[in-house]
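Observations on the model geometry
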Amino acid sequence: MIKQGQDFSKGSIGRHVLAQAVPLIIAQLIQLLYNLVDRIYIGHLPGENGMALTGIGLVFPIVTLVTAFTNLFGMGGGPLCSIARGAGKTERAEKIMGNCLTLLFATSFFIMALCYVLKRPVLYLFGASDITYPYADMYLKIYLLGTVFSMVGTGMNNFITVQGFPAVAMYTTVIGAVINLILDPVLIFLFHMGIEGAAIATVFAQGISALWVMRFLTGKKAVLRLRKKYFVPDIKLVKEILSLGLSGFIMSATNCVSQVACNSMLKIYGGDLYIGIMTILNSVREVISMPVSGITSGAQPVLGYNFGARKFGRVRKGIRFMTLVGSVYTVAAWLILVLFPKPFLMLFTSNQEMIQQGVFAIHVYFAGFVFMLFQFSGQSAFVGLGKSRQAVFFSLFRKVIIVLPLTLLLPGIHNLRITGVYLAEPVSNVIGGLACFITMYFMVYRKLGREEAEESSSTERIS
């Protein structure tokens with residue numbers, strides 16, 4: 001079954017996308033447990049009144065920065081590897097893998113060292129107060145120790161997926177999440193380690209996940225294996241990886257910038273309580289947007305493989321399928337969220353004021369959630385087909401050109417204050433999502449249709 005699943009140019013496109021996406025969605029949801037479980041337990045620590053959760057929220061931008069660099073190499077190398085496989089270029093595919101591992105290792109140690117040196121001023125820049133800084137510091141100083149595990153485990157897991165082993169990629173996160181689930185309550189409550197216990201559990205779980213990934217990619221079951229001769233960076237190849245991974249990097253890095261901007265404005269107009277609410281909003285967004293991300297990310301290796309094999313009609317079918325399935329999900333998820341917001345809030349906090357203010361925040365912040373699908377779908381089509389410039393542009397367009405200015409300007413317009421901070425997200429979803437998808441439709445989808453027609457015409461003439 002595994003061998004059949006590796007040839008994406010035959011069989012049902014929808015089946016291939018789902019075969020890639022379902023394990024990926026499960027894996028990504030479980031991946032979230034690394035941080036979500038920490039937030040859930042920490043949000044309910046007795047006597048902290050939500051301030052511990054706020055402290056964890058201040059660490060979000062740094063965690064997002066780590067994710068950004070992971071995406072730069074993992075999501076940059078993954079589609080290139082998939083296209084190389086589709087074209088039958090095994091040596092190139094393995095070289096991409098080896099180069100990505102080297103880049104992930106080197107960058108992880110650099111980020112860790114830099115964050116330790118700048119930890120205090122950075123956390124205050126991110127919106128910390130004298131009350132919340134100790135909580136953020138306790139978590140971050142331990143969490144940073146696992147940077148290499150997080151980046152290698154997550155970044156190299158992409159190369160298990162593109163080889164046609166989505167179930168194995170899923171186990172990477174299942175193993176780590178189960179370990180984290182077990183260790184969290186033991187260290188936090190049984191050994192009374194609080195926030196530090198949560199961080200230790202996360203680092204240990206990430207370490208085990210990274211070992212699992214490395215073991216598979218160096219083992220006999222892998223179609224493409226890590227080989228020492230490919231660890232030395234090839235400058236030309238590195239440029240290709242960086243070029244294609246830049247869109248994923250910008251998406252995460254700009255998330256980091258927007259989180260900092262949100263926290264800063266919330267600190268000015270609301271205070272620590274509202275930074276805690278934003279922590280919950282970000283957590284809920286991560287959970288409910290993950291299936292859309294999984295569907296579109298699962299489609300990328302299928303699109304890339306068929307593009308490399310010049311099966312343009314199948315690429316178009318893949319784009320239609322991921323957009324349709326994603327649309328149905330986003331509408332259903334949005335309805336559930338706006339109709340029943342309190343259970344989502346109560347999952348992360350027992351603070352009644354946070355829950356009361358959070359209901360309004362959810363209604364505003366997620367007003368444009370449905371349009372996120374168009375951003376994900378358009379972006380994935382660009383990345384999957386190796387169109388890095390367009391992918392990079394639309395990553396910048398939504399977060400830097402739309403979200404950031406709105407976050408800084410809206411609170412001061414017509415006395416919107418906190419509401420203005422929340423409004424920046426739905427406005428950017430509508431404008432950015434539609435712009436990305438419409439551009440993809442005309443630049444990619446219709447162009448592939450013309451190329452398919454030309455190839456069919458050429459085949460008929462030859463016959």
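Cut-offs and rules
Residues numbered from 1 in each chain as written. Predicted model: local features only at pLDDT ≥ 70, side-chain atom pairs only at ≥ 80, totals over all residues. Heavy atoms only, no water. Phe/Tyr/Trp six-rings, centres within 6.5 Å; stacked < 30°, edge-to-face > 60°. Buried < 20%, exposed > 50% of the residue type's maximum accessible area, 1.4 Å probe, protein only. Helix = DSSP H or I, 4+ residues; strand = E, 2+ residues; numbered from the N terminus. Salt bridge = Lys/Arg side-chain N within 4 Å of Asp/Glu carboxyl O. Contact = heavy atoms within 4.5 Å. Lys, Arg positive; Asp, Glu negative; His and termini not counted. Core = buried A, V, L, I, M, F, W, Y, C linked by side-chain atoms within 4.5 Å. Expected span 1.5 Å × (residues − 1). Bend = angle between axes of the 7 residues up to and from the residue. Axes fitted to C-alpha atoms, helices over the stretch in contact; angles between N-to-C directions. Parallel < 35°, antiparallel > 145°, perpendicular 65-115°, else oblique. Nonpolar A, V, L, I, M, F, W, Y, C, P; charged D, E, K, R; others polar. Disulfide = S-S within 2.5 Å. Left-handed = near helix turned anticlockwise from the far one by under 90°.

Points about the packing of aromatic side chains
Tallied over the full model, the rule gives 18 aromatic pairs. Considering the side-chain rings of F366 and F369, the 6.3 Å spacing of their centres and the 70 degrees angle between planes classify their relative orientation as edge-to-face. Residue F366 is classed as buried on the basis of its relative accessible area, which comes to 2%. Within the aromatic cluster, the residues linked to one another by ring pairs are F382, F393, F394 and F397.

Focus: the environment of E451
Within the secondary structure layout, E451 lies in helix 16 (residues 418-462). Taking the C-alpha atoms as reference points, E451 and K311, separated by 140 residues in sequence, lie 9.9 Å from one another.

Here's the deal with the pattern of salt bridges
What the rule picks out here adds up to nine salt bridges. K95 is the salt-bridge partner of D234, the closest N and O atoms lying 2.9 Å from each other. With a gap of 139 residues between them, D234 in the loop between helix 8 (194-217) and helix 9 (235-269) and K95 in helix 4 (residues 90-125) connect regions that are remote in the sequence. Judged by its relative accessible area of 28%, K95 falls in the partly exposed class. Ionic pairing is found between R398 and E425, a salt bridge with its closest N-O pair at 3.8 Å. Taken together, the residues span a long stretch of sequence, with R398 in helix 15 (residues 388-409) and E425 in helix 16 at a distance of 27 residues. Through salt bridges that share partners, R398, K399 and E425 make up one connected network.

What about the side chain of Q379?
Along the chain, Q379 turns up in helix 14 (residues 372-384). Ignoring any residue separated from it by four or fewer positions in sequence, one finds Q379 in contact with S247, M251, A391, F394, S395 and C436.

Observations concerning the side chain of D184
Here D184 shows up in helix 7 (residues 166-190). Buried and without a salt bridge, D184 has R39 as its closest oppositely charged side chain, separated by 10 Å.

Description of the nonpolar core
It is characteristic of soluble globular proteins that their nonpolar side chains tend to be buried jointly. Grouped together as the largest cluster of nonpolar side chains are 104 residues, with contacts concentrated most on M156, L281, F366 and Y422. Per-element tally for this core: the top contributor is helix 3 (residues 51-86), with 16 residues. Grouped together as the second largest cluster of nonpolar side chains are 28 residues, I25, A299, M322 and A381 included.

Overview of helix 7
Between its first and last C-alpha, helix 7 extends 36 Å over 25 residues, near the 36 Å set by a 1.5 Å rise per residue. The largest bend along helix 7 measures about 30 degrees and falls at L183, with the proline P185 one to four residues further on.

Focus on the packing of helix 3 against helix 10 (residues 272-308)
One way to put it is that helix 3 packs onto helix 10 with a least axis distance of 11 Å and a crossing angle of 10 degrees. Compared by their axis directions, helix 3 and helix 10 come out roughly parallel. Taking contact as the criterion, the partners of M51, L53, T54, G57, L58, F60, P79, S82, I83, R85 and G86 in helix 3 are, on helix 10, D272, L273, I275, G276, T279, I280, N282, S283, Q300, P301, G304 and Y305. Among the residues making up the contact of helix 3 with helix 10, the classes are represented as eleven nonpolar, ten polar and two charged.

Quick notes on the environment of D234
Overall, D234 belongs to the partly exposed group, its relative accessible area being 24%. Remark: the alpha-carbon pair of D234 and I288, spanning 54 residues in sequence, is separated by 39 Å. The contact partners of D234, leaving out residues within four places of it in the chain, are K95 and N99.

A few points about the state of the cysteines
Summed over the entire model, instances satisfying the criterion amount to zero disulfides. For C100, which is in no disulfide, the shortest distance to another cysteine sulfur is to C81 and amounts to 8.3 Å.

Here's the deal with unusual backbone geometry
A positive phi angle, near 55 degrees, is found at H192, a position not held by glycine. When you line up the elements, H192 lands in the loop between helix 7 and helix 8. Among the residues examined, H192 registers a relative accessible area of 69% and is labelled exposed.

Some remarks on the packing of helix 11 (residues 312-339) against helix 14
Where helix 11 meets helix 14, the axes come as close as 9 Å, and the angle between the chain directions of the two elements is 160 degrees. Considering their axes alone, helix 11 and helix 14 lie roughly antiparallel with respect to each other. Helix 11 and helix 14 meet at a crossing whose hand is right-handed. Where helix 11 approaches helix 14, its residues I319, M322, T323, G326, S327 and T330 are matched on the opposing element by L373, S377, S380 and A381. Residue composition of the contact of helix 11 with helix 14, by class: four nonpolar, six polar and no charged.

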